[in-house]
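Structural overview
Here is how the chains run, residue by residue.
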Amino acid sequence: MTNEAATATTTAEAAPAPEPIPHGLGASLQPADARAKTEGTFPYAADLWAEGLLWAAVLRSPHPRARIVSIDTSHAREMPGVRAVVTHEDVPGSPVHGRGKADRPVFASEAVRHHGEPIAAVAADHPDTARMAAAAVIVEYEVLDPVTDPELAFEADALHPDGNLIRHIPLHHGDQSAAGEIVVEGQYRIGRADPAPIGAEAGLAVPRPDGGVELYLASTDPHADRDTAAAVYGLSPDQVKIVVTGVPGATADREDQGFQLPLGLLALKTGCPVKLTATREESFLGHAHRHPTLLRYRHHADAEGRLVKVEAQILLDAGPYADTSAEALAAAVSFACGPYVVPNAFIEGWAVRTNNPPSGHVRGEGAMQVCAAYEAQMDKLAKKLGLDPAELRMRNVMATGDILPTGQTVTCPAPVAELLEAVQEYPLPPLPKDTPEEEWLLPGGPEGAGEPGAVRRGVGYGLGMVHMLGAEGADEVSTATVKVQDGIATVLCAAVETGQGFTTLARQIVQETLGVEEVHVAPVDTDQPPAGAGCRGRHTWVSGGAVERAAKMVRTQLLQPLAHKFGMSTELLQITDGKITSYDGVLSTTVAEELHGKELWATAQCRPHPTEPLDGAGQGDAFVGMAFCAVRAVVDVDIEIGSVRVVELAVAQDVGRILNPAQLAARIEAGVTQGVGIALTENLRTPRGLIRHPDLTGYSLPTALDAPDIRIVRLVEERDVVAPFGAKAASAVPVVTSPAAIASAVRAATGRPVNRLPIRPQAAVVTGQ
């Protein structure tokens, strides 16, 4: 061997070993589906196929309110290639459905109550044939004047057999006669926002030999959807199976049930697989939107700026059906005062039916609307008292141990003061330079009509809060199974991955608990035990908790033989980096060696402590836990044309514990960007109940060019002792808080009241400058 060869060998041997791939809780583990989504091979429902496939189309009402005189399907049935046409007469089971309350017809029969309500569905050999056949269904309408103003719904004729009032919550807390030296009032309106799911809403229904049906859907709550489908089809739940396909993002109930249900009916009627891919227009017409809200507030404070009393009226426009409006109203009323100490609160809340598009669960429902209003009130108080807006907020912030207006004690960590202090102290961004190469930094961009001299900078603040899990007695439970065979772990849990990162978290939990590197999460279907809906961060809590408990049970099975052999308890053994060691160092082996040839498994449940419904005075321990956020917004406003550019959003958030740093940052940034859309651009216009421009050209979503600099300045890790891992939901609270902060900054820049979201250009114009 030559000296050169020996040197090369020595160098190679001395080369450092590759860095181990991080795993376990606290690591930024890459999502398992990241590569498939990047390469375009991820299986979405729109990509599914089956032998003998038929195509479906749905006929929807062109009117927001009408009486149906007759429905004639004969022309559609006679068209070549049409295999089935179904209407309300073909529904064998329950004619109604609904997430919160079953009050929404599968197909309209006697009346239509909103623009786009389903009336009939068609299955045909070709998608174009299906669409033409649906258009050939002749419906005779008696068009009626729609009720589109929720304030008029109280006196209007009943729009639904259940009446126009869905829920009324009168909240009474403290002394009604209390009054402050300083009083400010305001009226606020929040527009209708659409969840605008990224991918097309699509599904495939396949009939089964036993007379049942399988539905392949991007469902976010498969067991609830299965039970609804079974009731509509007149089948038992075990005859209906839902297989969850890839979910292309979800910030609300991902799939419209009025879209899902006709699929199974057509498959059962034809005996063939049936597929439906909704157009963007159909998505806008069918699925639930954020509740448009009218809010009236009166804040009382003493001369030092401390809140004495809050009075408010909150009116949610539910559209024609109840859906989850009762739950949204409970959140709005309960959090109507925000994360502030308010000794006396008197809130009236209503959710009413109208002939506007349906409203339902959208991220931060209820809490987002009231946050925009109470933060506007705090700005008004600060201005009237001559105080800095951040200082006024600091004098009133909530902390652990304080009491909500519902009478519930805040037992979870509530570091609101720390969050506000963090964003307040963060350095402000520099002012833009007035040079041609920096024109893109101006509101409206380089092609805008504004002038640099008309630009004003504003700084504003927002403090927000949301509840986690369900509320008012909701049974929050999830089940998970962990299996280990040949050193490979598999997690079975019906928690749907909607982009919130549950599958990654489940892998991290098992890696941390068992020291197993390779962990797979099985696809979700309703053959597995229920895990509940994928919203409000509940899967991190209940489903992650179930996975952890099952993994710990497997850990005990793994360690018990070793502990028994060495005469010690399993608590004296630990698993670190794939190695099992005892406290005294006597025992040292590897997980792989101990798992060789073994198959271990365990199933566990996680159920948080129970809550209770709000009583007749709006009092009760209605929530399991809460999360908090502070946002400081910096905006530039062209006060001549009213264009707004969000320069920077500084965010501090109460997260409990960081389980995956990269994933957490992504969720916060996404939530903040969604808030930018709510504040400035997203408004589904519905004149006289008709959706105008139901597409992504007429409905303006923020793009990458609209996203501001987002600075996550502090993540407070104060663990919630009742939550698994101590972690809190991360996605909803920045959505709730950032629109209020942006509106606050526009007020600071213009001196205008800004009492409506999204902010119209005319609201930011300053005359007489």
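Residues numbered from 1 in each chain as written. Predicted model: local features only at pLDDT ≥ 70, side-chain atom pairs only at ≥ 80, totals over all residues. Heavy atoms only, no water.

**Points about the overall build of the chain**
What the chain contains, in helices and strands, is 16 helices and 29 strands. Sequence-distant contacts, at least 24 apart, represent 80% of the contacts inside the chain between residues at least 6 apart. A total of about 30,500 Å² of accessible surface is found on the chain, and carbon and sulfur atoms cover 52% of it. (Helix = DSSP H or I, 4+ residues; strand = E, 2+ residues; numbered from the N terminus. Contact = heavy atoms within 4.5 Å. Areas by Shrake-Rupley, 256 points an atom, 1.4 Å probe, with all protein chains shown as cover.)

**A word on the sheet that holds strand S25 (residues 599–606)**
Within the open sheet, the 4 strands sit side by side as S21-S20-S19-S25. Their pairing is mixed. Sheet topology places strand S21 (519–521) and S25 at the edges, where each strand pairs with a single neighbour. Between one strand axis and the next, the sheet turns by 15 degrees as a mean value, whatever way the strands run. Relative to S25, strand S19 (residues 478–485) is paired through 8 bridges, and the arrangement is antiparallel. Across the sheet, the residue bridging to alanine 480 is alanine 604, located in S25. This element, helix H12 (residues 502–514), spans S19, strand S20 (488–493) and S21 of the sheet and lies at about 145 degrees to S21. (Pairing = 2+ DSSP bridges. Axes fitted to C-alpha atoms, helices over the stretch in contact; angles between N-to-C directions.)

**What about the state of the cysteines?**
In the structure shown here, the tally under the stated rule is 0 disulfides. Between cysteine 493, a cysteine without a disulfide, and cysteine 606, which holds the nearest cysteine sulfur, the sulfur-to-sulfur distance is 10 Å. No disulfide involves cysteine 629; its nearest neighbouring cysteine sulfur is the one of cysteine 371, lying 8.9 Å away. (Disulfide = S-S within 2.5 Å.)

**Some remarks on helix H8 (residues 325–334)**
In terms of residue burial, H8 counts as a mostly covered element, since 8 of its 10 residues are buried. Residues Ser325, Ala328, Leu329, Ala330, Ala331, Ala332, Val333 and Ser334 constitute the buried set of H8. Elements that come into contact with the buried residues of H8 comprise strand S9 (165–173), strand S16 (307–317), strand S17 (344–352), helix H9 (367–385), strand S18 (455–471) and strand S26 (623–638). (Buried < 20%, exposed > 50% of the residue type's maximum accessible area, 1.4 Å probe, protein only.)

**Examining the packing of aromatic side chains**
By the definition in use, this model includes 6 aromatic pairs. For the ring pair phenylalanine 42 and tyrosine 44, a centre distance of 5.1 Å and an interplane angle of 70 degrees mean the geometry is edge-to-face. Exposure remark for tyrosine 44: the relative accessible area of 25% places this residue in the partly exposed category. Geometry around phenylalanine 42 places lysine 37 over its ring, the cationic atom sitting 4.9 Å from the centre. (Phe/Tyr/Trp six-rings, centres within 6.5 Å; stacked < 30°, edge-to-face > 60°. Lys NZ or Arg CZ within 6 Å of the ring centre and 35° of its normal.)

**Digging into the side chain of aspartate 323**
Among the structural elements, aspartate 323 can be located in the loop between S16 and H8. No salt bridge is formed by the buried aspartate 323, whose closest oppositely charged neighbour, arginine 104, lies at an N-O distance of 4.5 Å. (Lys, Arg positive; Asp, Glu negative; His and termini not counted. Salt bridge = Lys/Arg side-chain N within 4 Å of Asp/Glu carboxyl O.)

**Let's talk about helix H15 (residues 661–680)**
The terminal C-alpha atoms of H15 lie 29 Å apart, and with 20 residues this matches the ideal 28 Å at 1.5 Å per residue to within 8%. With 14 of 20 residues buried, H15 lies mostly within the body of the structure. (Expected span 1.5 Å × (residues − 1).)

**Focus on the packing of helix H5 (residues 222–233) against helix H6 (residues 257–270)**
With their axes 10 Å apart at the nearest point, H5 and H6 run at an angle of 50 degrees to one another. Taken together, the axis directions place H5 and H6 in an arrangement best described as oblique. The handedness of the crossing between H5 and H6 is right-handed. Residues Ala224, Asp225, Thr228, Ala229, Val232 and Tyr233 of H5 touch H6, and the partners they reach there are Gln257, Gln260, Leu261, Gly264, Leu265 and Leu268. The residue makeup of the contact of H5 with H6, split by class, is 7 nonpolar, 4 polar and 1 charged. (Parallel < 35°, antiparallel > 145°, perpendicular 65-115°, else oblique. Left-handed = near helix turned anticlockwise from the far one by under 90°. Nonpolar A, V, L, I, M, F, W, Y, C, P; charged D, E, K, R; others polar.)

**Points about the sheet that holds strand S8 (residues 138–143)**
Note on sheets: strands pair through backbone hydrogen bonds, and any given pair is parallel or antiparallel. On the basis of which strands lie adjacent, the open sheet formed by 3 strands has the order S6-S2-S8 and antiparallel pairing. Strands at the two margins of the open sheet, each flanked by one partner only, are strand S6 (111–112) and S8. By the bridge criterion, 2 bridges tie strand S2 (residues 66–72) to S6 in an arrangement that is antiparallel. Each bridged residue has a counterpart across the sheet, and for alanine 66 the counterpart in S6 is valine 112.

**Points about the pairing of strand S27 (residues 644–654)**
Each regular strand carries side chains that alternate between the two faces of the sheet. For S27, the buried fraction is high: 11 of the 11 residues fall into the buried class. Bridge analysis of S26 against S27 gives 9 bridges, and the strand direction is antiparallel. Residue pairing for S27: valine 634 is matched across the bridge by glutamate 648. The antiparallel hairpin formed by S26 and S27 contains 5 residues in its connecting segment, where glycine 642 sits at a positive phi of about 80 degrees. Where S27 lies against strand S28 (residues 709–716), 7 bridges are found, and the strand directions are parallel. Considered in S28, the bridge of glutamine 653 is made with leucine 715. Of the crossover connections in this fold, the one passing from S27 over H15 to the parallel S28 is right-handed. (Right-handed = clockwise from strand over helix to strand, strands pointing away.)

**A few points about the pattern of salt bridges**
If you walk through the whole model with that rule in mind, you get 32 salt bridges. Among the ionic pairs, arginine 395 bridges to glutamate 391, the shortest N-O distance being 2.9 Å. Here arginine 395 falls in the partly exposed class, since its relative accessible area comes to 29%. Glutamate 391 sits in the partly exposed class, given a relative accessible area of 32%. A salt bridge links glutamate 548 to lysine 552, with the shortest nitrogen-to-oxygen separation between them at 3.6 Å.

**Re the nonpolar core**
Counting residues in each nonpolar core, the largest one holds 110 residues, and the members touching the most others are Tyr297, Ile314, Phe335, Ile347, Phe628 and Ile742. The residues contacting isoleucine 314, other than those within four sequence positions of it, are Thr293, Leu294, Leu295, Tyr297, Ala332, Val333, Ala336, Ile347, Glu348, Gly349, Trp350 and Val370. In terms of nonpolar packing, the next biggest core, distinct from the first, is built from 47 residues, Ala551, Leu558, Leu562 and Leu595 among them. (Core = buried A, V, L, I, M, F, W, Y, C linked by side-chain atoms within 4.5 Å.)

**Things to note about the environment of alanine 120**
Within the fold, alanine 120 resides in strand S7 (residues 118–124). Relative accessible area serves as the criterion here: at 1%, alanine 120 is assigned to the buried category. Here the alpha-carbon distance between alanine 120 and leucine 59, two residues 61 residues apart in the chain, equals 5.2 Å. If near-sequence neighbours (up to four positions away) are discounted, alanine 120 is found in contact with Ala57, Val58, Leu59, Val86, Thr87, Phe107 and Val137.

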